[in-house]
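If you want the building blocks of each chain, they are given just below.
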Amino acid sequence: MASPRNDGGFLTQEQREKLRIAVQNAETLSLTSPRSPTGTTTSALLQQYELHQQQVRAAAAAARGGGGGAGARHARRSHSGKAVKLKKDGAGGKGTWGRLIDADTATFLDRNDPNYDSDEEPYELIEAPATTPLEDYKKSLVTIIEEYFSTGDVKQTGSDLKELGYDDFHRYFVKKLVSMAMDRHDKEKEMVSVLLSSLYGDGLSSTQIKLGFVMLLQAVDDLAVDIPDAVDVLALFIARAVVDDILPPAFLNKAKGSLTESSKGLQVLQIAAKSYLSAPHHAELLERRWGGSTHITVEEVKRRITDLLKEYIKNGDTAEACRCIRELAVPFFHHEVVKRAVTLGMESPAAETLIVKLLKEASEEGLISSSQMVKGFSRIVESLDDLSLDIPSAKSQFQTLVSKAVSEGWLDSSYESSGANGSVQDDDHEKLRRYKKEAVSMIHEYFLSDDIPELIRTLKELGLPEYNPVFIKKLITIAMDRKNREKEMASVLLSSLSMELFSSEDIVKGFIMLLESAEDTALDILDASDELGLFLARAVIDDVLAPLNLDEIGSILPPKCSGAETLNMARSLASARHAGERLLRCWGGGTGWAVEDAKDKITKLLEEYESGGDVGEACKCIREMGMPFFNHEVVKKALVMAMEKKKECMLALLHECFGEGIITINQMTKGFSRVRDGLDDLALDIPDAREKFLSYVEHGKKNGWLVPSFGVAAST
């Protein structure tokens, strides 16, 4: 039988049979489960399937190529000995599954897939942005300001601000400080004004304060969203800053250039200028606008202490009572807590156990210091006789309580041996007591008459120079509890006493006594530390004390006492920029007027006298001004007007004022001294100023206006 032919590329019968068998085997493999129970692995099936596919292709190629000669040339042998045609990268050919884990497109993760795992996401390193110094600075501000609102410690706040560094960023401190206070009570607003004034020149530069307020003006539109009265409150802060000399009056006009026409900052500046700074007696009004609420009265503190102790006796919550005592923020007045607590305990035996528990816990926590505890018990001793009228067993109860407190360790054992139950007064004590009584009488008389020569004469007649420091202590202590007028008069008197009667050593000793008894003075004057600091700084400005004297005083005081802190504050005040001008105006002339207002009034008064010539009316007006400590300005302006206009009537006015006691010899001398110090400037406009001044000095000495030691050598 003839063999089958391959005509025109058709398959022979034999070839068709081989092809059918191969396809059938391939289909059988494709239907086989990879998890076949026969145990055949997926990889083995895949290999077998590819082998059959290649066999099919080889058979087809052989059939087309006449016996498969062409396909044989490209065949490779597998390890099993069978011929396998593979692509060079190991994948299958056309119509096969290709390589294991082969894909037509790039692989990707579908986040919507139920089996999605975020850990399969490729890692991406993201660089965290580093904080800038300004960001770190701003973060620290809130803590510092909140701490200040809690403690009221100006010195600590200034120290914290210095530790931050970055002086160029302090504008942000000013902005944050004021903006935080704007939404708080009057107490915090007053505290902010006090802090800005205290840190001016000693922590905060003038430039940074100006920039801080400019930023506030630019941000007032945003502030008004949360603070409805932001415009008015910011106007008050700016006006107060002008009165406190930490912003110049020119700031109001210059700041307008940094604001847009629609900005509420323009309204702020307009209100500050027209509603606050243009009002009569605006300085006094602005200083009292927030009630001076940084310092509550002694009566208010005593009332709060009594209320919290009564509440404690009702509920017995010691922790709450300690918290209330701490919130009073008057650690120098805790002796009052001790005194009132012990008194309540003696009045109500049922409450005695609670009182002892409270005092013991307050002492152990360090809430009430040992010195305050001793001082409280000492004050009870002074009132035991009165208490015995209502509580017959008061003395025995008190002695029992003292013994218990000492044995338990919350009252210093030195108390019992310190003679707290009384002291024997000898002749020296009696002599000192009489002097103090006389000194108080003289000081009160001086505050009424402003007659410095009379007071000096009386002191000389007493003939007790060893007690001069005691007089200084009494003078300033009494003045601190009075109005600005008396404070100014006390500084003026101290300046006169330093020139005529008291030695530098006397004045140093007097201030040492004041600083050593600062805590006792605070019994009745809560802001005694601040006031005493002003007196010390003013004494330096007035040349009553030399700056080195402050170091001398500091070397004698204990390093951590209240007086040492006051001394440090005085150093800061005296060394600040424009300290002289600010401290000379620190009490506003005692009338509430700004110095400029007083000077303007004096000028108008003298011009009116020059045109009218009524000496009596002029004297009456000078007296009605109520500023005897500022009459040196009358003398100065009268002498200058006499030089400029060649009006001898001015000398006639001074003569009349001196004769009537309106202008004292001290004020007259100070007025002449101020003219003498400014002669160089006067000579630019008045060529013969020196010759005229010499003639006025001769006239003044002839009529007894000037102290004998006055001379003009400093300027001639």
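As annotated in an unreviewed UniProt entry, the protein is MI domain-containing protein from Triticum urartu. In the Sequence similarities (unreviewed entry) part of its UniProt record, the protein is described as follows: "Belongs to the PDCD4 family." According to its UniProt record, the protein has this under Subcellular location (unreviewed entry): "Cytoplasm".

Moving on: the overall build of the protein. When helices and strands are tallied, the protein shows 36 helices and 2 strands. In the protein, which comprises 716 residues, the proportion classed as buried is 42%. For the protein, the proportion of contacts with a sequence separation of at least 24, taken over those separated by at least 6, is 73%. For the protein, the accessible area works out to roughly 39000 Å², and carbon and sulfur atoms hold 51% of it.

Note on placement: S449 falls in helix α20 (residues 427–449). Each C-alpha atom, one on S449 and one on G661, is 9.6 Å from the other, the two residues being 212 residues apart in sequence.

A separate point is the packing of aromatic side chains. In this structure the tally under the stated criterion is 9 aromatic pairs. Between F377 and W410, the aromatic rings sit 6.3 Å apart at their centres with planes inclined by 55°, giving tilted as the arrangement. With a gap of 33 residues between them, F377 in helix α17 (residues 370–382) and W410 in the loop between α19 (394–408) and α20 connect regions that are remote in the sequence. Note on F471 and F502: the rings are 6.1 Å apart at their centroids and 80° apart in plane angle, and the pair reads as edge-to-face. Highlighted residues: F471 in helix α22 (residues 468–480) and F502 in the loop between α23 (484–500) and α24 (504–516), separated in sequence by 31 residues. For the pair F471 and F502, one class covers both residues: buried.

Once that is clear, we can look at the packing of helix α31 (residues 615–624) against helix α33 (residues 649–659). Where α31 meets α33, the closest approach of the two axes is 10 Å, and the angle between their N-to-C directions is 60°. By the angle between their axes, α31 is oblique relative to α33. Crossing geometry of α31 relative to α33 is assigned as right-handed. Contacts from V615, A618, C619 and I622 of α31 reach α33 at L653, E656 and C657. Classifying every residue of the contact of α31 with α33 by side-chain character gives 6 nonpolar, no polar and 1 charged.

Further remarks concern the pattern of salt bridges. Enumeration according to the criterion identifies 20 salt bridges in this entry. For E461, the salt bridge identified is with R457, shortest N-O distance 2.3 Å. Of this pair, E461 and R457 both sit in helix α21 (residues 452–462), 4 residues apart, roughly one helical turn. The class for E461 is exposed, based on a relative accessible area of 57%. Ionic pairing is found between R690 and D680, a salt bridge with its closest N-O pair at 2.3 Å. Remark: D680 occurs in helix α35 (residues 679–685) and R690 occurs in helix α36 (residues 689–702); sequence separation between them is 10 residues. It is possible to trace a salt-bridge network through shared partners that takes in E320, R323 and E327.

If you look at the biggest cluster of nonpolar residues, it comprises 54 residues, and the most contacted ones within it are F173, F213, L234 and I238. Of all elements in the fold, only α4 (133–151), α6 (170–182), α7 (186–199), α8 (206–226), α9 (230–243), α10 (251–254) and α11 (265–276) reach the threshold of two or more residues within this core. Examining the composition of this core, we find that 12 residues originate from one element, α9, more than from any other. The residues touching F213, leaving out its near neighbours within four places in the chain, are V174, V178, L196, L234, F237, I238, A241, L247 and F251. Formed by 46 residues, the second largest nonpolar core is a distinct cluster that contains L459, V492, V508 and I553.

Put simply, α17 and α19 touch, their axes get as near as 12 Å, and they point 165° apart. As judged from the angle between their axes, α17 and α19 are roughly antiparallel. By crossing handedness, the relation of α17 to α19 is classed as left-handed. For the pair formed by α17 and α19, the contact residues are F377, I380 and V381 on the first element and F398, L401 and V402 on the second. The residue inventory of the contact of α17 with α19, partitioned by class, reads 6 nonpolar, no polar and no charged.

Turning our attention to empty space enclosed by the protein. Applying the stated criterion to the full structure yields 1 cavity of 30 Å³ or more. Computed from the structure, the largest cavity encloses a volume of approximately 50 Å³. Considering the residues around the largest cavity, the lining is formed by V342, G345, M346, E352, I355, V356, Q397 and L401. When residues of the lining of the largest cavity are traced back to their parent elements, those giving at least two are α15 (334–347), α16 (349–364) and α19. Broken down by class, the residue content of the lining of the largest cavity amounts to 5 nonpolar, 2 polar and 1 charged.

The predicted model of the protein averages 75 in pLDDT, with 74% of residues at 70 or higher. Ignoring residues within four places in sequence, the model shows residues 66–84, a span with pLDDT below 50, making 16 contacts including any to other chains. Counting interchain partners and residues more than four positions distant, the pLDDT-below-50 stretch residues 589–594 has 18 contacts.

Conventions and cut-offs
In every chain, residue numbers begin from 1 and rise along the written sequence. Reporting in this predicted model follows two pLDDT cut-offs: at least 70 for local features of residues, and 80 or more for side-chain atom pairs to be given and counted; totals over whole chains, interfaces and linings ignore these cut-offs and use all residues. Heavy atoms throughout the structure, all of them, feed into the side-chain values; hydrogens and water do not. UniProt positions are given in the numbering used here, feature names are shortened, and annotations may be inferred rather than shown by experiment. Helix and strand assignments come from DSSP, with helices taken as H or I runs of at least 4 residues and strands as E runs of at least 2, each series counted from the N terminus. To sort residues, take the accessible area from a 1.4 Å probe on protein chains only and compare it with the maximum for the residue type: under 20% means buried, over 50% means exposed, and anything in between is partly exposed. Whether two residues touch is decided by their heavy atoms; if any such pair falls within 4.5 Å, the residues are in contact. For the area figures, the Shrake-Rupley method with a 1.4 Å probe applies, and any residue is considered shielded solely by the protein chains shown. The aromatic pairing rule takes the rings of Phe, Tyr and Trp, using the six-membered ring of Trp, and pairs them if the centres are within 6.5 Å, calling planes under 30 degrees apart stacked, those over 60 edge-to-face and the rest tilted. Note on definitions: angles span 0 to 180 degrees between N-to-C directions of axes, and those axes are lines fitted to C-alpha atoms, for helices only across the stretch in contact. When an angle is under 35 degrees it counts as roughly parallel; over 145 it counts as roughly antiparallel; between 65 and 115 it counts as roughly perpendicular; any other value is oblique. For a crossing to be left-handed, the near helix must be turned anticlockwise from the far one by less than a right angle; the clockwise case is right-handed. Under the scheme applied here, ten amino acids are nonpolar (Ala, Val, Leu, Ile, Met, Phe, Trp, Tyr, Cys and Pro), four are charged (Asp, Glu, Lys and Arg), and all others, including Gly, are polar. Here, a salt bridge means any side-chain nitrogen of Lys or Arg that lies within 4 Å of a carboxyl oxygen of Asp or Glu. Definition of nonpolar core: a set of buried residues of the types Ala, Val, Leu, Ile, Met, Phe, Trp, Tyr and Cys, connected through side-chain atoms within 4.5 Å. Think of a 1 Å grid over the protein atoms and nothing else: a 1.4 Å probe that fits but is trapped marks a cavity, an open set flanked by protein within 12 Å on at least five of seven lines marks a pocket, and residues with an atom within 4 Å of a point count as lining. Grid points are joined across faces, edges and corners, and a volume is the space filled by probe spheres set on the points. Confidence scores labelled pLDDT are given residue by residue by the predictor and lie between 0 and 100.

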